[in-house]
Amino acid sequence: MNDQLLPGFDTTAEEQVHQTDLAGRIERAVKLLRDNVPPEGYYLAFSGGKDSCVIKKLAGIAGVKYDAHYSQTTVDPPELVRFIKQHHPDVQWEIPSVNMMKMLESYSGGPPTRFRRWCCRLYKENGGAGRVLIMGVRAAESRRRAKAWQEITTDIKESLVICPIVYWLDDHVWEFIRHYNLPVCSLYNEGFTRLGCIGCPLASKEKQLRELERWPRFAANWKAAIIKNWERFRNEKTRTGKPLFQANFKSGEALWDWWLNNNSANDVFLDGCQTGLLWTNDPDDEP
């Protein structure tokens, strides 16, 4: 890896990664992992996606101590679940006590949206507290990630996180996978570029609808849970006596239609009129 710079010039860590070859990227990632390994070993966050497969392989190449964990969301694609069982039997499964659809039925905040990602907090972000983590997050995945993540950072639990491929591009990831002939989930062969919860509202609307069409049983489960959520909370009040947002909808079907079809997850539209913002209540108005 060539880190020699001309006088008066400098490059960022991201630029250095982009300017080197596969061997250089591997060397940098391996050094990062070896330099920061804690005595008890890393907690490796493993989702079964291509990035997770890469960081797990890199940890093996580095020879560092780690234990890999898969946080089951209960709405992951069946193909992904089977892939993890078949190709990564050493991964430890973190199984939730309540599946996501049951949680949705009883969650007063309503279905998850881009602006209220309670599902991520409950099902994906609890693992590894007090440990040093390895994560496969990459800056190229979104502008938000590009701003928030570096090779060494901390997460919302203030745990130290090592991100050995944070500056890798998609092409870098696939080059590594081909070089080591790593198995990946079959869904990549169907045109999926990123894997995660089926129907995730953080995905583009096109991707969300494609997933719900691809797995109709999961779509039916989402719809049933959202309708039950409306039925349970449509007449409930916050601590200050205000109606919960479910009261904005005339039926559970209307709430489902809004969640499924509206691009703006922050606005409610009923009968063609905007009735208000969902997530602008004061903290004291939370139930």
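Residues numbered from 1 in each chain as written. Predicted model: local features only at pLDDT ≥ 70, side-chain atom pairs only at ≥ 80, totals over all residues. Heavy atoms only, no water.

A. Representation of helix 2 (residues 22-36) in the model. For helix 2, built from 15 residues, the straight-helix expectation of 21 Å at 1.5 Å per residue is met to within 8% by its first-to-last C-alpha distance of 22 Å. Among the residues of helix 2, Leu22, Gly24, Arg25, Ile26, Arg28, Ala29, Val30, Leu32 and Leu33 are the ones counted as buried. (Helix = DSSP H or I, 4+ residues; strand = E, 2+ residues; numbered from the N terminus. Expected span 1.5 Å × (residues − 1). Buried < 20%, exposed > 50% of the residue type's maximum accessible area, 1.4 Å probe, protein only.)

B. Molecular detail of the pattern of salt bridges. For the structure shown, the criterion picks out 13 salt bridges. Residues Arg138 and Asp51 are paired through a salt bridge, measuring 3.1 Å at the closest nitrogen-oxygen approach. Of this pair, Arg138 sits in the loop between strand 4 (133-134) and helix 7 (143-148) while Asp51 sits in helix 3 (residues 50-62), and the two are 87 residues apart along the sequence. Take Asp51: its relative accessible area is 9%, and that puts it in the buried class. The salt bridge involving Glu190 is made with Arg214; its shortest N-O contact spans 3.1 Å. (Salt bridge = Lys/Arg side-chain N within 4 Å of Asp/Glu carboxyl O.)

C. Broad picture of the packing of helix 9 (residues 205-214) against helix 10 (residues 216-233). Relative orientation of the contacting elements helix 9 and helix 10 amounts to 110 degrees, with a least axis distance of 5 Å. Between helix 9 and helix 10, the angle is such that the two are roughly perpendicular. Contact residues: helix 9 offers Leu212, Glu213 and Arg214, while helix 10 offers Pro216, Ala219 and Trp222. Residues belonging to the contact of helix 9 with helix 10 are distributed by class as follows: 4 nonpolar, no polar and 2 charged. (Axes fitted to C-alpha atoms, helices over the stretch in contact; angles between N-to-C directions. Parallel < 35°, antiparallel > 145°, perpendicular 65-115°, else oblique. Contact = heavy atoms within 4.5 Å. Nonpolar A, V, L, I, M, F, W, Y, C, P; charged D, E, K, R; others polar.)

D. The sheet that holds strand 1 (residues 42-45), seen in detail. Spatial strand order, 3-2-1-4-6-5: 6 strands in an open sheet with mixed pairing. Whereas interior strands pair on both sides, the edge strands pair on one side only; in this sheet they are strand 3 (92-94) and strand 5 (152-154). (Pairing = 2+ DSSP bridges.)

By themselves, these observations are geometric and do not establish any function.
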